[in-house]
Every structure is written in C-alpha cells, then in structure tokens.
Amino acid sequence: MNEELKALAAQFPPDKPLYAVGGCVRDELLGREVYDIDLTSACLQEQAESFALKAGMRVSLGSKRLGTVIIKGKSSYEYTPFRVDSYPAGSGVHKPAQVRFTQDIQEDARRRDFTVNALYRNVSTGETVDLLGGVEDLKNRLLRAVDDPMRVLGEDGLRIMRLYRFVSTLGFDAEEETERAACAKSPLLNDIAPERIRVELDKLLEGEHVGKALRGLVKCGAMQVILPEFCENTGVKQNPAYHRYDVDEHIIKTVEFAPARVRLAALLHDIGKGRCVKEDGNMYRHAEVGAQMAEEIMTRLRYPKAEIKRTVRLVALHMTDMRGDMRECKLRRFIADNADIVDDLTDLIIADAKATCDNADIDKCLRIKRLRDKMAQEGVPFSVGELAVNGRDVAEFGYSGEQVGRVLKELFALTLTGEKKNDRKALLAVLEKRNNHD
C-alpha cells in the first residue's frame, strides 16, 4: 500500500484497522494493475471523515445511508464501514432495502458477491485477510458466491451480470453451484434498471475473454432478458459456402475478433438476420433492419445519443463494398460522408470477415481505409467546409442565395474525384471559367 494510505491507516485505532477491500486486493494478488482502491473498517462514516482530515486529506460525504466517504489525497478512495445489507425477498433489486452497520468483518464479507471480491488487505500491516476461501478460488480461477448462491444472486439480480463480467475480464469459470443459481435467477434481471445493465455490459465487452462471457449469458438465460433480440438468431443457419457458423455464434466470434471500441457494434452488426429470415425468408435487408433494432436496443439501455448514432451507422454500413468492387468515385463519396467512422468501420468489417471463414481476404477489407488515406495524401477535402474557397469567394462571381451552396457542392465533387486539386487558384479558375461560360 502507498504511503498516503499508510498515513491514513495510522489514524485508525488498532482494534479497528483500515482495510483495502475487493477488486483492488484481488487484482494485486493476481499481478494485475490496480486502478481503484476501496476502503473499509469497523469505524463509522463520521469517524472515518475525522481520521482522513487528521491525515491531511480532503473528504466529501457520499451516501449517509451506506456510510460512504470519498477520501481524496494524491488519489481518490471510497470508504464504507462494515455493514449488512437486506434485500426484499426474491425481488432481485440492486438497492438494499435495509442497511445495518456492524463491527464484524465476517458479516461484511458475506454481504459481498464472490469470494475473490471478499478479500481484505490490512493497510498498516499488509496482511491479507481471507475469510471465505477467496485466495484458493483465485488459484483455481473460480468465481464462487460468498454464501448460498441462490441467496447471493437472488438478492441482487445485477450480480449475474457481474459474474459474467468477471468471466470476461479475468477469464475465470463460474463455479458449478453459482452458475446453476445464475440460470435459476436470471429472470430477476428484469428488476434491474436498464442503465445499470448497460454499465455492466460495457465492462463485459472490454474483457479479454468476452466470447466466453457472452456464451455464459446465453447459457444461463440472462441474454434472453437483457438482449432478447440476440436470441432471435439462435440456431439460424447461414450459407455454408460462405459461413462457418450459425448467426448467433458468428456474432460472438465477430465480437471476439473486434477491438474493444467496436465490440458493441460487433454484437449488434448481424442482430437483424434472424428477424429477416422469419419475415422475408432471406437476410438481404439485415443491415438496415439491424440498424433499426440497434437503435431500439441502445435507446432501451439508455446509451448516450451520440453513441447510439455512431453505433447505428456502423451496423447500417458494415456491408459496404463487401465484394470490393464498388466504383472508386462512389466509394470516395461514401468516405467523405463517413470519414469520422472509417477506422471503426474497417475494424468491424475485418472482424466480421474473420468470423465468417478461415481464409478471410483482409486486404479487401482494408480497401475503404486505404482509399481514405490516399485521399488524405492527395489533399482531398472530406467536406465542403474544407474547400480552399468559401461562400464569399463564390459570391464575388455573382452567385447568391441557394446558388452559392450549389456551386460549392459542385466544386467539392470535382475535388473529391480528383478531377481538380483542392487549391485556391485552381478552384478560382474553375469559377472564372464557369462565370464566363454563364
């Protein structure tokens, strides 16, 4: 532990030592980088606040109900006293109905989710306190509930999402009884606020073992609750001449091949195939239908509007130049209209291709990006606003009103195809010639 935390821990009484707890202890034991440090002890909120101030740190009170204190020095830490949470029976809601503070670290450990997250590190001594077998589960790479898994997952349905988020980020397996409980309790995810599901889904999609986690969500029934549209693709066959997998497995494979920043788009890119087969008997409209479904899904999960718009565009456009035979002039126009997503779109197209067949033509997948780079080297503008002339220049040749915009678009088209350089003199010459002709 750092010196700042040791100075803070020195303020706590010897019989109520300060502990780091949860993910920070787990990750340190695993040799992973530690980002956030959560703190706990038997001391109540007001006491922890006083100790932090004596240590020369700043504080802000969080939830009075949960006893939270945000302690800030060179880093920021969240402190919560030992407590016991009570949930309405069988509701699966994320927020405890009652909170009781306790002096018993064992009670605090049993309110947590999995044994690997119920590890404590005495800040002063560096001793690891393992009350529930978390260290052994770390060695065995197991995610085990801290108590009866039917109770643990039944208290808070969001813990099912957390279970598979840790499968994704750690690569661990869900312990057998814990996995069985996840299957039994997955309907409780209906009680969880959509934005909380979104947060866990985003974290899950960032993990190195994302495919394993997604298959776990499907197996336990959680996917049917959080993303029922995905399950419309279960077992939907694809032409074996082009595809190795059914649609559902192809989607998961695409997510595995995609970089983290486009994994949500990868998860949604073929979401419309099953519905198209059901409605049309084919998949021809799947990009268009999938884009509509992606917008509905992301709106339901309360994603920010800008992220929805960007992801929907990626889903809608992921089939662009699929055969690599689009005319260059048309592709140049497409690039100009979508320059802001060319890199993400290329990564999505490559992931899609890799998940389709063993001998994916990656060179063909790079055509859009290569042409974008070529256009940039040529000095081609990607919008009318990047032209070397502007509306005032056009107006000086006698154009006004809507004519100005129309002429600028014509100049843009000439530069886009490479017929004219985006050079002020060259474009003014075009305007001069056009003016004389008119």
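Asker: Looking at this structure, how should I read the overall build of the protein chain?
Answerer: Helix and strand counts for the protein chain come out as 24 helices and 11 strands. The C-alpha radius of gyration of the protein chain comes to 28 Å, more than 25% above the 22 Å expected for a compact globule of 438 residues. Principal axes of the C-alpha set define a box for the protein chain whose edges measure 95 × 55 × 35 Å. For the protein chain, the proportion of its 438 residues judged to be buried stands at 48%. Excluding contacts between residues fewer than 6 apart, the proportion of contacts in the protein chain whose partners are at least 24 apart in sequence is 65%. With the model as given, the accessible surface of the protein chain reaches about 21,000 Å², and the carbon-plus-sulfur share is 49%.

Asker: Explain the pattern of salt bridges to me, please; I cannot follow it from the model alone.
Answerer: Any two side chains of opposite charge can pair if their charged atoms end up close together. For the structure shown, the criterion picks out 46 salt bridges. The residue R111 makes a salt bridge to D108 at a minimum N-O spacing of 3.1 Å. Take D108: its relative accessible area is 0%, and that puts it in the buried class. Several salt bridges share partner residues, and in doing so they unite R261, R310, R313, D340, D344 and D347 into one network.

Asker: Looking at this model, I keep getting lost on the environment of A258. Mind explaining?
Answerer: Along the polypeptide, A258 turns up in the loop between α13 (247–257) and α14 (263–268). Classification of A258 by relative accessible area gives buried; the value is 3%. In the structure, A258 is positioned 94 residues away from D352 in sequence and 8.2 Å away in space, judged by C-alpha atoms. The contacts of A258, once residues within four sequence positions are left out, are R263, A266 and A351.

Asker: Could you clarify how one ought to interpret the nonpolar core in this entry?
Answerer: Most often, soluble globular proteins have nonpolar side chains that are buried together. By size, the foremost hydrophobic cluster in this structure holds 129 residues, and its most contacted members are Y164 and L267. Looking at this core, the element that brings in the most residues is helix α7 (residues 158–170), giving 8 residues. If we skip the residues at most four places from it in the chain, Y164 touches E179, A182, L204, A213, G216, L217 and C220.

Asker: Where do I start with the packing of aromatic side chains in this structure?
Answerer: Between two aromatic rings, the relevant description is the distance of the centres plus the angle of the planes. Under the definition given, this model contains 5 aromatic pairs. In this structure, R198 packs its charged tip against the face of Y303, placed 5.8 Å from the ring centre.

Asker: Sorry if this is basic, but what is going on with the packing of α7 against helix α9 (residues 194–205) here?
Answerer: Think of two packed helices as two axes; the pair is described by the angle between the axes and how far apart they sit. The N-to-C vectors of α7 and α9 enclose an angle of 10°; their axes lie 8 Å apart at closest approach. Our classification of the angle between α7 and α9 gives roughly parallel. In the packing of α7 onto α9, the handedness of the crossing is left-handed. Of the residues in α9, those touching α7 at L158, M161, R162, Y164, R165, S168 and T169 are R196, I197, E200, L201, K203 and L204. Partitioning the contact of α7 with α9 into residue classes produces 6 nonpolar, 2 polar and 5 charged.

Asker: Mind showing me how you'd approach the sheet that holds strand β1 (residues 19–21) here?
Answerer: Within a beta sheet, neighbouring strands are joined by backbone hydrogen bonds and run either parallel or antiparallel to one another. Taken together, the 7 strands give an open sheet; going across it, the order is β3-β4-β5-β2-β1-β8-β9, and neighbouring strands pair in mixed fashion. Each end of this open sheet is capped by a strand with a single partner; those strands are β3 (58–61) and β9 (128–130). Strand-to-strand, the axes of this sheet are offset by a mean angle of 30°, without reference to chain direction. In terms of strand pairing, β3 meets strand β4 (residues 69–72) through 4 bridges, oriented antiparallel. Counted as the bridge partner of L61 is V69 from β4.

Asker: What exactly am I supposed to notice about helix α23 (residues 402–417) here?
Answerer: A rise of 1.5 Å per residue sets the reference length of α23, with its 16 residues, at 22 Å; its end C-alpha atoms lie 23 Å apart and thus fit the reference within 8%. In the segment just after α23, G418 is the residue with positive phi, at about 90°.

What counts as what
Residues numbered from 1 in each chain as written. Predicted model: local features only at pLDDT ≥ 70, side-chain atom pairs only at ≥ 80, totals over all residues. Heavy atoms only, no water. Helix = DSSP H or I, 4+ residues; strand = E, 2+ residues; numbered from the N terminus. Rg over C-alpha atoms; globule rule 2.2 N^0.38 Å. Buried < 20%, exposed > 50% of the residue type's maximum accessible area, 1.4 Å probe, protein only. Contact = heavy atoms within 4.5 Å. Areas by Shrake-Rupley, 256 points an atom, 1.4 Å probe, with all protein chains shown as cover. Salt bridge = Lys/Arg side-chain N within 4 Å of Asp/Glu carboxyl O. Core = buried A, V, L, I, M, F, W, Y, C linked by side-chain atoms within 4.5 Å. Phe/Tyr/Trp six-rings, centres within 6.5 Å; stacked < 30°, edge-to-face > 60°. Lys NZ or Arg CZ within 6 Å of the ring centre and 35° of its normal. Axes fitted to C-alpha atoms, helices over the stretch in contact; angles between N-to-C directions. Parallel < 35°, antiparallel > 145°, perpendicular 65-115°, else oblique. Left-handed = near helix turned anticlockwise from the far one by under 90°. Nonpolar A, V, L, I, M, F, W, Y, C, P; charged D, E, K, R; others polar. Pairing = 2+ DSSP bridges. Expected span 1.5 Å × (residues − 1).

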